[in-house]
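Chains, contacts and geometry: an overview
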Amino acid sequence: MNLKTYTQAGSTLRTVLLLVLPALLFYSCNKWLDVQPRSQVEDTELFSTESGYKEALAGVYSSMVSTKTYSKEMTYGFLGILGQEWDFYYDAQYKDAAAYNYEGSYPTATIRNIWANSYSGIANVNNLLAHIDDDVRLFSQDNHDVIKGEALALRAFLHFDLLRCFGVSYAVDSLHPSIPYSTALTYKVFPQLCVRDVAAAVLQDLLQAEALLKTSDPIVTEREIDESTDNGYLLNRQLHLNYYAVKALQARLYMWMGNYPQALRAAEIVINSDKFPWATVSNLQAGYDRCLATEHLFALNNLTLTADVADEYFSDNSAYSFAVTSDRLLGYFDHATQDYRYTFLFKSGTSTHAANRYLTKYDEPSGNNTYYKYKMPLICIPEMFLIKSEAEYRTGNTDAAKATLNRMRIARNQPALTELPADFFLELIHAYRREFLGEGQLFFLYKRLNWPNILNSEVDAIAERIYTFPLPITETESIQREDNR
């Protein structure tokens, strides 16, 4: 791969990436282990057993369950504000973000945290990958390929979201400098790459992950997994970057790169697997499945989801809550109140907040089935239908685009379209807003489309360059990175 760089070859990646390694690497399913600072001895001990590799990988997943990233700011918080999804939010915290003032104190801190936390997770993945081929005899059955495939997919996932935050849209200028692609645990700084070359590196990792997982992942091979043989590690593949999540990431990446035929092929593989059925109206009505768990391709397991997310940020008992007005919500759903999402995924406020509507996607579900609990979705099957429809539209197959869009609309109890709207992309924005409210994907869609004005905002998105976060000051001052905006 020919990587164009914007710093000299000896340039090195910020050492801040390693500051939180001791805390993140040694996470187990139930507790943080008491560890000493990093050393080669500890690496040798950790990576001397299969369970050590599983702990290391679990630590990266767990590090993503942070309010600084995917447990708030990269989903319903900062990115939700930038997508103008909410009418109500904690103004003292988000007023600068709502106005796209990235120089304000809170946006500056948030952007710095997204950068540091993501690269820290990447550093931990790289540490695992540096050891995993040392002795493949440590691993039982296909677990070496499963763990390595997931690790490569995680590295790709984190870098791609960093690219979506800190790189200009691929369609705008794929040769513009963006971010480093870190592939080793080192105190050296990796060179800053252009958008195109970061995307190529993401794709390379995803293709390697696909090759490993296609022949080893239990979600594909249907190998029986139980707690007695695997301690339950591979029981719920939707909480891991499984084979189909990797294909979905490829579809998402290909759309970003404007490679619509490849995006269509990847999305169809996921859809045609029939492994991620639509949430049923009976489960929604009973409150068993508030997060639409059956549709998740990849979700995070947040054991404190109710207290730390639902009660704190989606309740009229909290000053920090996010909400929309009843009128705004009706507009989001085109007054189609029979839509299952409108009916079952929102609750009304009380008293002076009676006109507010709060998302219930993260509320504690009814019943005792743990399958539906603690999940924060990051990739879901509806996105594959929307990618498929858009790719079909862009390649001239408008009848297929309409049929695909209608499959999703019917699954949500919306009326089918008799013809595509005159402005297909505006309809696409509306569909993303309905489907991914509180998940952070709407802002990235606006960016990919290079949409001039985000709905409910009067800011000229292109002129004000709001779609690309400025690099953290530590990057631009100490390392003298090229301007990424």
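Residues numbered from 1 in each chain as written. Predicted model: local features only at pLDDT ≥ 70, side-chain atom pairs only at ≥ 80, totals over all residues. Heavy atoms only, no water.

Some words on the state of the cysteines
Where we set the bar: Note that a disulfide, as used here, is simply two cysteine sulfur atoms within 2.5 Å. The cut-offs for exposure are 20% and 50% of the maximum accessible area for each residue type, with area from a 1.4 Å probe on protein chains only; residues under the lower value are buried, those over the upper are exposed, and the others partly exposed.
Throughout the structure, instances matching the rule amount to 0 disulfides. For the unlinked cysteine Cys-165, the closest cysteine sulfur is that of Cys-194, found at 18 Å. Overall, Cys-194 belongs to the buried group, its relative accessible area being 0%.

Regarding the pattern of salt bridges
Selection criterion: In what follows, salt bridge is the name for a side-chain nitrogen of Lys or Arg lying within 4 Å of a carboxyl oxygen of Asp or Glu. For helices the rule is a DSSP run of H or I covering at least 4 residues; for strands it is a run of E covering at least 2, with both sets numbered from the N terminus onward.
A full pass over the atoms with the stated rule returns 28 salt bridges. The salt bridge partner of Asp-133 is Lys-148, with a shortest N-O separation of 2.8 Å. Of this pair, Asp-133 sits in the loop between helix H6 (105-131) and helix H7 (143-166) while Lys-148 is found in helix H7, placing the two residues 15 residues apart along the sequence. Note that Glu-439 is salt-bridged to Lys-361, the shortest N-O span being 2.7 Å. Of the two residues, Glu-439 sits in the loop between helix H19 (424-435) and helix H20 (441-449) while Lys-361 sits in the loop between strand E6 (356-359) and strand E7 (375-380), which places them 78 residues apart along the sequence. Exposure class is identical for Glu-439 and Lys-361. Each is buried.

What about H20?
An α-helix turns once per 3.6 residues; consequently, residues spaced three or four apart project the same way. Heads up, the condition is: Here, two residues are considered to be in contact whenever any of their heavy atoms come within 4.5 Å of each other.
Among the 9 residues in H20, 9 count as buried, and that is most of the element. If you check which residues of H20 are buried, you get Gln-441, Leu-442, Phe-443, Phe-444, Leu-445, Tyr-446, Lys-447, Arg-448 and Leu-449. Contacts made by the buried residues of H20 are with helix H4 (78-82), H7, helix H11 (243-257), E7, helix H17 (381-394) and H19. Just beyond H20, the residue with positive phi is Asn-450, at close to 55°.

Overview of the packing of aromatic side chains
Where we set the bar: Two aromatic rings, drawn from Phe, Tyr or Trp (for Trp, its six-membered ring), form a pair once their centres lie within 6.5 Å of each other, and the interplanar angle then sorts them: stacked below 30 degrees, edge-to-face above 60, tilted otherwise. Placement of a positive charge over a ring is assigned whenever Lys NZ or Arg CZ falls within 6 Å of the ring centre and within 35 degrees of the normal to the ring plane.
All chains considered together, the criterion is met by 38 aromatic pairs. Judged by centre distance (6.1 Å) and plane angle (35°), the ring pair of Phe-314 and Phe-322 falls under tilted. Given a relative accessible area of 0%, Phe-322 falls into the buried group. Over the ring of Phe-160 we find Arg-164; its NZ or CZ atom is 5.2 Å from the centre of that ring. Its guanidinium or amino end placed over the ring of Tyr-371, Lys-375 lies 4.7 Å from that ring's centre, counting from NZ or CZ.

Things to note about the pairing of strand E3 (residues 296-301)
Spelled out, the test is: Two strands are said to pair when DSSP picks up at least two bridges between them.
Burial of E3 is extensive: 5 of the 6 residues sit out of reach of the surface. Two strands pair when backbone bridges link them, and E3 and E7 are joined in this way by 5 bridges, in the antiparallel orientation. Bridge assignment links Ala-299 to a residue of E7, and that residue is Pro-377.

Notes on the environment of Asn-450
Inspection of the secondary structure puts Asn-450 in the loop between H20 and helix H21 (473-478). Look at Asn-450 and you get partly exposed, because its relative accessible area is 28%. Separated by 297 residues in sequence, Asn-450 and Ala-153 place their C-alpha atoms 27 Å apart. With near-sequence residues (within four places) excluded, Asn-450 lies in contact with Val-172, Ile-462 and Tyr-467.

Things to note about the sheet that holds strand E4 (residues 324-325)
Ordered in space as E4-E6-E5, the 3 strands form an open sheet in which the pairing is antiparallel. Strands with a single pairing partner mark the edges of an open sheet, and in this sheet they are E4 and strand E5 (346-348). Looking at chain direction, E4 and E6 are connected through 2 bridges and run antiparallel. Paired with Val-324 across the bridge in E6 is Arg-357.

Considerations on unusual backbone geometry
Positive phi outside glycine occurs at Tyr-100, with the angle close to 60°. As for its placement among the helices and strands, Tyr-100 is situated in the loop between helix H5 (91-98) and H6. The backbone of Glu-222 shows a phi angle near 60°, a positive value even though the residue is not glycine. By secondary structure assignment, the location of Glu-222 is in the loop between helix H9 (218-221) and helix H10 (227-230). Judged by relative accessible area, which is 60%, Glu-222 ranks as exposed.

What is shown is where atoms sit, not what they do.
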